[in-house]
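So you can see what is in the structure, the chains are spelled out below.
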Amino acid sequence: MTLKRKSWCPVSIAVFLRCVPTASTLRRLDRSVLVCFSLTRCQEESVVDNHGDPSFMKRYDKHTQRRNHWIETSLKGPKRKMKRPLRKGQPYDCNLCDYTCFYVSVLQRHMLLHTGEKPFKCHMCSYSSRLKSSLTSHIRTHSGEKPFKCHLCSYSCNRADSLKQHLITHSEEKPFKCHLCSHSCNQAGHLKQHLTTHTGEKPFKCHLCFHSFKQAGHLKQHLTTHSEEKPFKCRTCSFSSRFKCNLTVHMRTHSEKKPFKCHLCPYSCKQASHLKLHLTTHSEKKPFKCYLCSYSCKQAGHLKLHLTTHSEKKPFKCHLCPYSCKQAGHLKRHLTTHLEKKPFKCHLCPYSCKQAGHLKQHLTTHSEKKPFKCHLCPYSCKQAGHLKRHLNTHSEEKPIKCHLCPFSCNQNSI
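Given the structure is predicted, the values throughout are model-derived calculations rather than measurements.

Basis of the calculations
Residues numbered from 1 in each chain as written. Predicted model: local features only at pLDDT ≥ 70, side-chain atom pairs only at ≥ 80, totals over all residues. Heavy atoms only, no water. Helix = DSSP H or I, 4+ residues; strand = E, 2+ residues; numbered from the N terminus. Buried < 20%, exposed > 50% of the residue type's maximum accessible area, 1.4 Å probe, protein only. Contact = heavy atoms within 4.5 Å. Areas by Shrake-Rupley, 256 points an atom, 1.4 Å probe, with all protein chains shown as cover. Core = buried A, V, L, I, M, F, W, Y, C linked by side-chain atoms within 4.5 Å. Salt bridge = Lys/Arg side-chain N within 4 Å of Asp/Glu carboxyl O. Disulfide = S-S within 2.5 Å. pLDDT = per-residue confidence, 0-100.

This brings us to the overall build of the chain. Looking only at helices and strands, one finds 15 helices and 24 strands in the chain. A buried classification covers 24% of the 414 residues belonging to the chain. Taking all contacts inside the chain whose residues are at least 6 apart in sequence as the whole, residues at least 24 apart take part in 15%. For the chain, the exposed area adds up to about 30,300 Å²; of that, 57% sits on carbon and sulfur atoms.

See below:
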């Protein structure tokens, strides 16, 4: 008894052609065979009805073997390349998930996700990839090739998606907005990093110490502190650093260029941080306040120096004499007293000295200006120290005391 199409219902015919295809159909068929794992009721009845027919059973067994072989090969990805689907507009289905596509080559790449196979291997290292395009991008990391160039600046990279992300930096648009504050940015990754500031979460933990960080880049930088290696070296001098940004800043010391310019005065400098500090001199605000007295200042560094005046510690010690002080700058100035050289010379007279501050004070003797004025009387002078000493004459205090008798006064010169 032979199998005839008219003895099957339309649905069963379609299912049967997928499950038990003929040799000619198998050559054309390159679709998912998810329905192959079970027979329909019509097929089961046909097998029972034709169980005594040797020709049918032989044909059915042969088709079953082909079906099982198809299932096995489909798990590894289709081997034959089809240029179009079986029917126009009919997609190819993955037999392991809900994925559909219209090209066998796309389905073949997708199937590698299920098998874990990475057929594209780098011949220079152990890297392997599921996609040939990923391997091509990886090989550029060995060659240093950066074919993708920005048409707006000198930036270049080895991946098209990296260039696409970079081009966003040239746009004023900031489509990624924080739902917790007014922050907005032009990259999804930056928004993700920003959100950690609201949660306080620090998922990136150092395996060598107790530090944890909000961003992977910060952890990467921190790990270099556990290493003695300093891969970024200056080509001009012996300077080396763990961070590329430090080397970039250092290289400006070898150049006369001062790219950071103040928009309020002619000041210019080589580092952005120096310009930021300078801009505070144009402001009347003094946000840094001492918690021990009424002192306030414009820069955090000045407050740090001031706090040493409230402490009795003198950590900076001279290695040539018993002198010690509270500030590094004072020690540096003191060390010049041990030198015979007097590098600071007056251009108006033979005077020379060891410290720049002394020369600055001396230059006032060549000028008729007296910028330091007393607010209590008409007195004016050329040096701040002289004004300070003068102000004692308006005070009833007599801080200068004699250690041999009860005498006290308000000036050392008396």
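Moving on from the coordinates now.
Attention now goes to the nonpolar core. Tyr92, Cys94, Cys101, Val104, Leu107 and Met111 together form the largest nonpolar core, which totals 6 residues. Take this core: its biggest share by element is 3 residues, from helix H5 (residues 104-115).

Looking at the secondary structure, you find Thr308 in the loop between helix H12 (300-307) and strand E17 (316-317). Contact partners of Thr308, with chain neighbours within four places excluded, come to Lys326 and Gln327.

Another point: the side chain of Asn186. Its place among the elements puts Asn186 in the loop between strand E8 (184-185) and helix H8 (188-199). Judged by its relative accessible area of 13%, Asn186 is buried. Apart from the residues within four sequence positions on either side, Asn186 is in contact with Ile168, Thr169, Ser171, Glu173, Lys174, Pro175 and Phe176.

Enumeration over the complete set of coordinates arrives at 1 salt bridge. A salt bridge links Arg159 to Asp161, with the shortest nitrogen-to-oxygen separation between them at 3.1 Å.

This part is about the environment of Ala272. Summarising the element assignment, Ala272 is placed in helix H11 (residues 272-279). Placed 11 residues apart in sequence, Ala272 and Lys261 show a C-alpha to C-alpha distance of 9.1 Å.

In protein chemistry, a disulfide is the covalent bond that joins the sulfur atoms of two cysteines. Under the defined criterion, the tally for this structure stands at 0 disulfides. For the unlinked cysteine Cys206, the closest cysteine sulfur is that of Cys209, found at 3.6 Å. Taking relative accessible area as the criterion, Cys206 reaches 6% and is therefore assigned buried. Free cysteine: Cys346, not disulfide-bonded; nearest cysteine sulfur from Cys349 at 3.7 Å.

One rule of thumb: low pLDDT means the predicted coordinates there are not for detailed reading. When pLDDT is averaged across the chain, the result is 76; 78% of the residues are at 70 or more. Per-element mean pLDDT across the chain ranges from 35 in helix H1 (residues 10-19) up to 90 in strand E18 (residues 324-325). Here residues 1-48 is modelled with pLDDT under 50, and outside its nearest four sequence neighbours on either side it reaches 85 contacts, counting other chains as well. Counting interchain partners and residues more than four positions distant, the pLDDT-below-50 stretch residues 75-86 has 31 contacts.

Right, let's get into the environment of Lys342. Positionally, Lys342 belongs in the loop between helix H13 (328-335) and strand E19 (344-345). According to the relative accessible area criterion, Lys342 is partly exposed, its value standing at 41%. Separated by 10 residues in the primary sequence, Lys342 and Ser352 have C-alpha atoms spaced 5.8 Å apart.

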